[in-house]
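Residues per chain, in single letters:
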Amino acid sequence: MASWSYQKELFENEVVMTELNWIKNYLKNKGYSDAFEIKLLPEQEKWVLVPVAYVYGLIEEMVNKSPTWHLSTITGQDTGGFLEVLYHFWLGYGLTICTRLSYTEAMLPSISPIIAGASFYEREISELLGITFRNLQDNSLLFLPNGWNKGWPLRKKTGEPNDQT
Amino acid sequence: MTKLNIPIGPNHPLLKEPLSILLSVEGERILEGSLKLGYVHRGIEQLCQERTYTQAIHLIERVCGICSHVHSTNYCQTVEALLNLEIPPRAKYIRALLCELERVHSHLLWLGVLAKNIGLDTVFMYTWRDREIVLDLLEEISGGRVSHAVNVIGGIKIDLEQQLMDTIFRQLAILTPKLEVILSLFENDPSVRLRTQGVGILTKQEVLQQCVVGPVARASGVDFDMRRDIPRVPYNLIDLKIITHTDGDVWARSLVRIREALESLRLVKQILERIPDGNIAVRAKRRIPEGEAVSRLEAPRGELFYYIRSDGSDKPARLKIRTPTIPALSLLLDQLRGVNIADAPVILSGIDLCIACADR
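The rules we used
- By convention here, each chain's residues receive numbers from 1 onward along its written sequence.
- Written order decides the labels, with chains lettered from A and ligands numbered from 1.
- Per-residue local features are limited, in this predicted model, to residues with pLDDT of at least 70; the limit for side-chain atom pairs, both in listing and counting, is 80 or more; totals at the level of whole chains, interfaces and linings are taken over all residues.
- Heavy atoms throughout the structure, all of them, feed into the side-chain values; hydrogens and water do not.
- Here, two residues are considered to be in contact whenever any of their heavy atoms come within 4.5 Å of each other.
- Here the buried area means the combined drop in accessible surface, using a 1.4 Å probe, for two parts upon being joined, counting both sides.
- Any carboxyl oxygen of Asp or Glu within 4 Å of a side-chain nitrogen of Lys or Arg constitutes a salt bridge here.
- Helix numbering and strand numbering both begin at the N terminus, where a helix is a DSSP run of H or I of at least 4 residues and a strand a DSSP run of E of at least 2.
- Put simply, Ala, Val, Leu, Ile, Met, Phe, Trp, Tyr, Cys and Pro go in the nonpolar bin, Asp, Glu, Lys and Arg in the charged bin, and everything else, Gly too, in the polar bin.
- The rule is simple: take the accessible area with a 1.4 Å probe, protein chains only, and divide by the maximum for that residue type; under 20% is buried, over 50% is exposed, in between is partly exposed.
- Comment: axis = line fitted to C-alpha atoms, over the contacting stretch for helices; angle = value between 0 and 180 degrees taken between N-to-C directions.
- Any angle that is under 35 degrees is reported as roughly parallel, and any over 145 degrees as roughly antiparallel; angles of 65 to 115 degrees are reported as roughly perpendicular and all others as oblique.
- The handedness criterion is simple: a crossing whose near helix is rotated anticlockwise from the far helix by less than a right angle is left-handed, and one whose near helix is rotated clockwise is right-handed.
- At least two bridges found by DSSP between two strands is the condition for calling them paired.
- On a scale of 0 to 100, pLDDT captures the predictor's confidence in every residue.
- Any two of the Phe, Tyr and Trp rings considered here, Trp counted by its six-membered ring, make a pair once their centres fall within 6.5 Å; the pair's planes then place it as stacked at under 30 degrees, edge-to-face at over 60, or tilted in between.
- When the NZ atom of lysine or the CZ atom of arginine is within 6 Å of a ring's centre and also within 35 degrees of its normal, the charge is said to sit over that ring.

## As for the interface of chain B and chain A
Stage number 1. Every contact between the two is made by 38 residues of chain B and, on the other side, 40 residues of chain A.
Stage number 2. Summed over the three residues of chain B that lose the most area to chain A, namely Lys36, Gln209 and Glu292 of chain B, the buried surface amounts to 19% of that side.
Stage number 3. If you look at where chain B meets chain A, you find three salt bridges.
Stage number 4. Taking the shortest distance from any N to any O, the salt bridge between Glu124 of chain A and Lys320 of chain B comes out at 3.6 Å.
Stage number 5. Tallying contributions element by element places strand E6 (residues 291–299) of chain B first for the side of chain B that touches chain A, with five residues.
Stage number 6. Of the residues that constitute the side of chain B that touches chain A, the class distribution is 19 nonpolar, seven polar and twelve charged.

If you want it as structure tokens, here you go:
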């Protein structure tokens, strides 16, 4: 049974929990049994931490279930200890699906087969942070000059060495 | 027939900003294209992470040369959310007033560019002449035509005197009928309709799949506007009408933008009528508590998105900006596929791209 780590006030907020129950149920049905985290960010934005293996399925489920989804953007960041990919959705309320990756396994499936508009964001993260998106059709550089070989500009010095060459 | 590759940009007379498009053409028909950005990439996200929250405001204003105020407003709003700081209502009204004037100026600028590209040079001159009225107002309010530098964390730097408000009312009365004439021209003129109807059609499904926002999405029947969807002061207190259309072509986009500009003038009037008295700013702490915040605001081109992560210091640990041009660009190549090459400039200008915004 999946256990949840809540912010206390969130646990008492029925509306928030109703909106996020589908995530809880999805992960439970997929047999995920470890603890995961939810937070309420300012401006009522919901934030959920989901393991890498469940991200693609969860987003697919969301697109099939909700008729009014919108992907605002995908943020990639190097927190110093690990890499983080944040999928910011708008479903009538803000929802951020967060997943964490280690420097050695910086790879996750592309969601562009489900949401075509995700490919630009994934290309940007891929070239600036060195995260590989599997099944991303166009891997060419979007912002960096062709032939760029000086590493990933948004990687911090800490963690794995910032050296792609 | 021979296949030809035509490179457009990064420096090209057709483009106002640097963007590289490689079109593969057979005869007059475009087969496919590829896109390259980054020619005006200034690394603003990274640069802001090396500056304090207050210093970053000036840099943020330079993301876009047209909608600079909405960028700094959204940035300040995100930092204020992290601080859990409630700014005075008067500051919110003044911020919204400038946002709406900026929308009118942005839409008129775009309308002039489109008119020029479809061969209506007279309309181009009229719209840019009328746009000066808005720019003069913005200059009188803030001291700057496009970079206003009025936002601070915790409120706003400038106040509106009664005399200035009267001037705005007077100028609105002059501008509104001028815009109505242009609207009726776009609605009825046969040559405008011939040149724009059925060109660059985007279906509702395509718009939703590519996550396109703003007037482009609303012209394809997607009723999505952050001014209404996130109820904030003053938009939740005034009568706001969202303009949509179902045709999804360049003509529909023109009508949506002109009607939106007229609606913005109506909103400016309402804001001025209801603006409350009081302070315009509150004091904000220099150090921002640890946390993350997301903020969405309706810029002239659509939903503008900011994400900030704070590590408890006086500098942001991560700042992410997603401007509305980025999703629109991802659709550009789909729109160009299969069309006549003469329609490419009309389609390009129909989207209202801002490459400086997209590159950051």
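## Section: the side chain of Glu263 of chain B
Residues and elements named next belong to chain B.
Stage number 1. Following the sequence through the fold, Glu263 ends up in helix H11 (residues 250–274).
Stage number 2. Residue classification places Glu263 among the buried positions, given a relative accessible area of 6%.
Stage number 3. Among all residues touching Glu263, those that are not within four sequence positions of it are Asp239, Leu240, Lys241 and Ile243.

## A word on the packing of helix H4 (residues 89–117) of chain B against helix H5 (residues 121–142) of chain B
Residues and elements named next belong to chain B.
Stage number 1. One way to put it is that H4 packs onto H5 with a least axis distance of 8 Å and a crossing angle of 160°. Considering the angle they form, H4 stands roughly antiparallel to H5. Crossing of H4 over H5 shows left-handed handedness. Taken together, the residues of H5 that come into contact with H4 (itself represented by Leu97, Leu98, Leu101, Val104, His105, Leu108, Leu109, Leu111, Gly112, Val113, Ala115 and Lys116) are Asp121, Val123, Phe124, Thr127, Trp128, Asp130, Arg131, Val134, Leu135, Leu137, Leu138 and Ile141.
Stage number 2. Grouping the amino acids of the contact of H4 with H5 by side-chain chemistry returns 17 nonpolar, three polar and four charged.

## Overview of unusual backbone geometry
Residues and elements named next belong to chain B.
Stage number 1. Here the amide bond leading from Val233 into Pro234 is cis, since omega sits at 5°, within 30 degrees of zero.
Stage number 2. With respect to the helices and strands, Pro234 occurs in the loop between helix H10 (226–229) and H11.
Stage number 3. In this structure, Asn84 is a non-glycine residue whose phi angle is positive, near 55°.
Stage number 4. Relative to the elements of secondary structure, Asn84 occurs in the loop between helix H3 (68–83) and H4.

## Let's talk about the sheet that holds strand E2 (residues 20–26) of chain B
All names here are of chain B.
Stage number 1. Ordered by their spatial adjacency, three strands build an open sheet running E1-E2-E3, and the pairing between neighbours is antiparallel. The sheet is open, and its two edges are formed by strand E1 (3–8) and strand E3 (29–36), each paired on a single side. For this sheet, the mean inter-axis angle between neighbouring strands, taken without regard to orientation, is 20°.

## So, the confidence of the model for chain A
Residues shown with low pLDDT carry predicted positions that ought not to be read at fine detail.
Residues and elements named next belong to chain A.
Stage number 1. Confidence along chain A averages 79 in pLDDT terms, with 82% of residues attaining 70 or more.
Stage number 2. For chain A, strand E1 (residues 4–5) is the element with the lowest average pLDDT, namely 49, and strand E5 (residues 83–90) is the one with the highest, namely 92.
Stage number 3. In the model, residues 1–5 has pLDDT below 50 throughout and makes 17 contacts with residues more than four positions away in sequence or in other chains.

## Brief notes about the packing of aromatic side chains
Stage number 1. The final tally for this structure, using the stated rule, is one aromatic pair over all chains.
Stage number 2. Of note, Arg123 of chain A hangs over the ring of Phe120 of chain A, and the distance from its end group to the ring centre comes to 5.7 Å.
Stage number 3. The lysine or arginine in question, Lys116 of chain B, covers the ring of Phe124 of chain B, its NZ or CZ lying 5.6 Å from the ring centre.

## Regarding the pairing of E3 of chain B
Stage number 1. Here E2 of chain B runs beside E3 of chain B; their pairing, made up of seven bridges, is antiparallel. Residue pairing across strands places Glu26 of chain B opposite Arg29 of chain B, the latter belonging to E3 of chain B.

## Considerations on the environment of Phe186 of chain B
Residue and element names in this part refer to chain B.
Stage number 1. Inspection of the secondary structure assignment puts Phe186 in helix H6 (residues 162–188).
Stage number 2. C-alpha of Phe186 to C-alpha of Ser254: the two residues are 68 residues apart in sequence and 7.6 Å apart in space.
Stage number 3. In this view, Phe186 contacts Leu111, Leu114, Val123, Val192, Arg193, Trp251, Ser254, Leu255 and Ile258; residues no more than four positions away in its chain are not counted.

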